[in-house]
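# Chain and residue survey
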Amino acid sequence: MFRYLALIWDDTLAHQRETAHLLSQVIERAPSWKPALQQSGLSVFTTGGGADGNGVHPLWRDRGVILGQLFRRAQSASRGAAPAQILPEEAEAILRHHGRTLVTAWWGRYVAFLKCAGNQVTILRDPTGTLPCFTLDHQGVHIVFSWLEDLITLPGVPLPAIAWERLAAHLQLWELGHHQTVLDGVERVLPGEAVHLRPAAKTRELFWDALSFARTTLDEDPAKLAPRLRDTVRYCSRTWAEGQERILLRLSGGLDSSILASCLTREDTAAEVLCVNYHSPGADTDERRYARLAARRAKLKLIECERDDAFRLDRVLQVALTPSPATYVGRMAASAKDAELSQRHGAPCLFTGAGGDQLFFELRTWWPAADFLCLHGFGRGAWRAAMDAARLAQMSVYRTMAMALRSRLGLRAEGDVLVWQMALLGGAAASTAPRDAYLHPSLRQATGLPVGKLNHVRMLLHPLAYYDPYEREHAPAVVNPLLSQPLIELCLQLPTYVLTRGGHGRALARRAFAADLAPEIAARRSKGSIDQHLKTVLANNLPWARELLLDGELVTRGFLDRQKVETALSGRLNMTSVHVTEIHGHIAVEAWLQRWRSAAQAGSVS
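Residues numbered from 1 in each chain as written. Predicted model: local features only at pLDDT ≥ 70, side-chain atom pairs only at ≥ 80, totals over all residues. Heavy atoms only, no water.

## Comments concerning a nonpolar patch on the surface
On the surface, a cluster of nonpolar side chains totalling about 410 Å² of accessible area is made up of Phe378, Leu405, Leu409 and Leu411. Note that leucine 411 resides in the loop between α14 (397-408) and α15 (427-431). (Patch = residues over 30% accessible without salt bridge, like charges linked within 9 Å, V, L, I, M, F, W, Y side chains within 5 Å. Areas by Shrake-Rupley, 256 points an atom, 1.4 Å probe, with all protein chains shown as cover. Salt bridge = Lys/Arg side-chain N within 4 Å of Asp/Glu carboxyl O. Helix = DSSP H or I, 4+ residues; strand = E, 2+ residues; numbered from the N terminus.)

Structure follows, in structure tokens:
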């Protein structure tokens with residue numbers, strides 16, 4: 001489990017220097033921590049890493065360090081890019097531009113600390129935001145960290161308090177997109193953002209902006225774009241696999257994970273790839289047939305594991321202390337088994353096809369028709385775009401065109417914003433949470449962007465969780481090749497009506513990999529789900545779940561409506577008005593709150 005701690009201070013101020021010196025001594029005495037860079041005003045420490053690909057990349061003359069995994073941009077997407085050693089002239093360019101050239105000439109999974117001119121320290125998080133990056137100011141010293149439990153073990157650093165208004169916003173949005181977290185004083189560095197720290201000054205600057213790619217439209221024939229998409233996916237997948245001896249690949253049998261399997265054959269990588277499929281009873285939760293087809297096609301070994309319907313939900317009370325509530329949905333069925341398989345087979349990394357739905361555009365919506373009208377009006381191709389969108393949304397073409405026209409005219413249309421309907425929220429959550437204040441800053445500047453592309457951008461702005469807050473250091477490092485920077489940049493430039501040409505979700509991706517996949521998978525329209533598994537686990541833990549939520553902080557503070565919770569969890573589960581994932585989401589938040597309450601009472605991390 002690769003983690004880091006960094007201290008940044010003004011070395012001319014005695015009290016900051018003394019505080020930083022004390023904290024540095026404590027970190028250095030811990031046997032697992034190693035110094036990555038020590039300069040006046042900047043100390044960086046790391047622990048873990050190595051086998052998972054993460055490491056320390058020092059800059060020439062100790063003027064900075066880049067943590068994580070870094071790749072130089074290849075001249076062609078037809079070949080991979082070996083992990084990079086930064087040359088002196090490259091380091092000079094990085095420092096001269098305060099890190100901006102990292103975003104344009106490199107990619108990967110990294111956080112950089114740069115000693116720039118004018119006594120400035122710059123923190124830069126890569127555009128995918130894979131490695132977490134949080135900051136907290138303590139007695140004038142900026143502490144930068146990836147794992148909160150490392151921070152609060154430091155002497156004199158108080159346990160952050162919960163910001164209840166932000167928790168209310170979190171309940172509505174599922175994830176805050178701004179710099180603030182649910183904890184007072186703890187802020188995040190956004191993906192692609194540089195934070196410049198000078199004596200008595202702090203500024204932020206987005207070096208990578210999704211909007212700039214979304215506004216650069218590659219509106220070409222899908223027959224020309226499909227090979228480029230295929231090359232980029234294969235390039236990113238092979239690059240992440242380089243240097244690995246053995247890899248676990250989560251293979252559901254769906255399109256995205258099957259595409260990934262097709263890119264990691266013996267011909268593509270020297271690593272041994274072991275596929276793992278999780279299944280449970282139910283029409284949509286057992287995808288072994290498709291997983292077997294994908295593994296056989298790629299000539300990869302497949303391990304089949306049954307999900308544990310007897311999972312005890314009270315185990316989620318052992319969640320790690322994190323800056324925002326951590327979800328267990330998607331983890332409870334697999335995390336412990338992933339960790340076991342990783343250890344047994346010596347596979348430190350787990351590859352997944354996560355992000356494909358967002359990236360390749362799986363949503364069943366009329367938006368692509370509106371995007372076409374916005375870019376081309378009622379010219380040639382408008383009717384075909386409307387027909388495709390109608391098929392995608394499973395609506396009449398006339399209703400689809402009416403929605404698209406309203407959107408084109410700047411009017412509100414039904415379903416024009418991605419909203420997750422929350423059935424159990426109480427009045428306190430809605431009244432205390434100014435949702436717009438917690439959106440990603442880029443979304444406030446997205447004027448003029450078509451509705452489909454705007455939502456495409458919105459889906460790709462939030463990085464997936466990197467650390468497992470339940471298995472912690474036992475979990476393998478997660479790699480999501482489909483969420484690599486070169487691939488995100490390409491797909492943001494592709495119009496939604498090109499990504500869904502023919503009226504099918506992920507149509508361009510299907511076309512790009514048609515020759516690499518089993519025909520049944522390339523043509524598959526259904527998607528796997530773990531909903532039945534989630535319902536079974538909840539039913540098996542119903543008395544415990546009722547007690548946790550009804551006696552918990554969320555109900556007490558009015559963030560959840562007591563009567564609605566009672567109705568949803570009464571007797572046999574009532575799933576007609578509330579989705580099972582919402583209930584599990586609230587359980588996860590309540591477990592997180594109980595963990596913080598216990599830590600506050602104990603005064604330390606247990």
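## Side note on the pairing of strand β8 (residues 134-138)
Counting buried positions over the five residues of β8 gives four, a clear majority of the element. Once β8 ends, the chain turns through two residues before running back antiparallel as strand β9 (residues 141-145), passing glutamine 139 with a positive phi of about 55 degrees. Here two bridges tie β8 to strand β10 (residues 187-188), and the two strands are oriented antiparallel to one another. The residue bridging phenylalanine 134 from the neighbouring strand is arginine 188, located in β10. (Buried < 20%, exposed > 50% of the residue type's maximum accessible area, 1.4 Å probe, protein only. Pairing = 2+ DSSP bridges.)

## Considerations on the sheet that holds strand β14 (residues 272-279)
Across the sheet, five strands lie side by side as β15-β14-β13-β16-β17; this open sheet has parallel pairing. Each end of this open sheet is capped by a strand with a single partner; those strands are β15 (301-306) and β17 (477-479). Strand-to-strand twist in this sheet, taken as the mean axis angle between neighbours without regard to direction, amounts to 30 degrees. Two strands pair when backbone bridges link them, and β14 and β15 are joined in this way by six bridges, in the parallel orientation. Across the sheet, the residue bridging to cysteine 275 is leucine 302, located in β15. (Axes fitted to C-alpha atoms, helices over the stretch in contact; angles between N-to-C directions.)

## Some points on the pattern of salt bridges
Under the defined criterion, the tally for this structure stands at 31 salt bridges. Here arginine 3 and aspartate 150 are joined by a salt bridge, their closest N and O atoms 2.6 Å apart. Residue arginine 3 is located in strand β1 (residues 3-8), and its partner aspartate 150 is located in helix α4 (residues 148-151); the two are separated by 147 residues in the primary sequence. Accessibility expressed as a relative area gives 14% for arginine 3, which makes it buried. With a closest N to O distance of 2.9 Å, glutamate 272 and arginine 246 form a salt bridge. Here arginine 246 lies in strand β13 (residues 246-250) and glutamate 272 lies in strand β14, a separation of 26 residues in the sequence. Judged by relative accessible area, which is 27%, arginine 246 ranks as partly exposed.

## Some details on empty space enclosed by the protein
What the rule picks out here adds up to three cavities of 30 Å³ or more. What the largest cavity holds in volume is close to 60 Å³. In this structure, the largest cavity is lined by Pro127, Pro191, Leu206, Trp208, Asp209, Ala210, His440, Ser442, Leu460 and Leu461. (1 Å grid on protein atoms, 1.4 Å probe; cavity = no way out; pocket = protein on both sides within 12 Å on 5 of 7 lines; lining within 4 Å. Points joined across faces, edges and corners; volume = space filled by probe spheres on them.)

## As for the packing of helix α12 (residues 367-376) against helix α16 (residues 451-460)
Axis separation between α12 and α16 bottoms out at 6 Å; the angle between their running directions is 120 degrees. Viewed along their axes, α12 and α16 adopt a mutual orientation that is oblique. In this structure, α12 uses Trp367, Ala370 and Asp371 to contact α16, whose residues at the interface are Val451, Gly452, Lys453 and Asn455. For the contact of α12 with α16, a count of residues per class yields three nonpolar, two polar and two charged. (Parallel < 35°, antiparallel > 145°, perpendicular 65-115°, else oblique. Contact = heavy atoms within 4.5 Å. Nonpolar A, V, L, I, M, F, W, Y, C, P; charged D, E, K, R; others polar.)

## A word on the packing of aromatic side chains
In this structure the tally under the stated criterion is 14 aromatic pairs. Judged by centre distance (6.5 Å) and plane angle (65 degrees), the rings of phenylalanine 361 and tryptophan 367 are edge-to-face. Take phenylalanine 361: its relative accessible area is 0%, and that puts it in the buried class. By relative accessible area, which is 3% here, tryptophan 367 ends up buried. Counting every residue linked through ring pairs, the aromatic cluster contains Phe71, Trp107, Tyr235 and Trp240. One cation-aromatic arrangement involves arginine 524 over tyrosine 290; the distance from NZ or CZ to the ring centre is 3.9 Å. (Phe/Tyr/Trp six-rings, centres within 6.5 Å; stacked < 30°, edge-to-face > 60°. Lys NZ or Arg CZ within 6 Å of the ring centre and 35° of its normal.)

## Concerning the pairing of β14
Looking down a regular strand, the side chains alternate between one sheet face and the other. Most of β14 sits inside the fold, with seven of its eight residues counted as buried. Summarising the sheet, β13 and β14 pair through five bridges and their orientation is parallel. Each bridged residue has a counterpart across the sheet, and for isoleucine 247 the counterpart in β14 is valine 273. At this point the chain moves from β13, through helix α8 (residues 255-262), to the parallel β14, and the crossover so formed is right-handed. (Right-handed = clockwise from strand over helix to strand, strands pointing away.)

## Overview of unusual backbone geometry
Even without a glycine there, the phi angle at arginine 61 is positive, about 60 degrees. Structurally, arginine 61 can be placed in the loop between β4 (55-58) and β5 (64-72). Of the residues examined, arginine 61 reaches a relative accessible area of 61% and is grouped as exposed. For tryptophan 174, which is not glycine, the phi dihedral falls at a positive 70 degrees. Here tryptophan 174 shows up in the loop between α5 (164-173) and β10.

## What about helix α25 (residues 580-602)?
Taking 1.5 Å as the rise per residue, α25 with 23 residues should run 33 Å; its terminal C-alpha atoms sit 33 Å apart, in good agreement. The element α25 is extensively covered by neighbouring structure, given that 17 of its 23 residues are classed as buried. Positive backbone phi, approximately 75 degrees, marks glycine 603, located one or two places after α25. (Expected span 1.5 Å × (residues − 1).)

## Topic: the nonpolar core
Membership of the largest hydrophobic core comes to 129 residues, with the highest contact counts inside it found for Phe113, Leu229 and Phe351. Ignoring anything within four residues of it in the chain, the contact list for leucine 229 reads Phe360, Leu487, Leu490, Cys491, Leu508, Ala509 and Ala512. Formed by 67 residues, the second largest nonpolar core is a distinct cluster that contains Ala20, Leu23, Val182 and Leu538. (Core = buried A, V, L, I, M, F, W, Y, C linked by side-chain atoms within 4.5 Å.)

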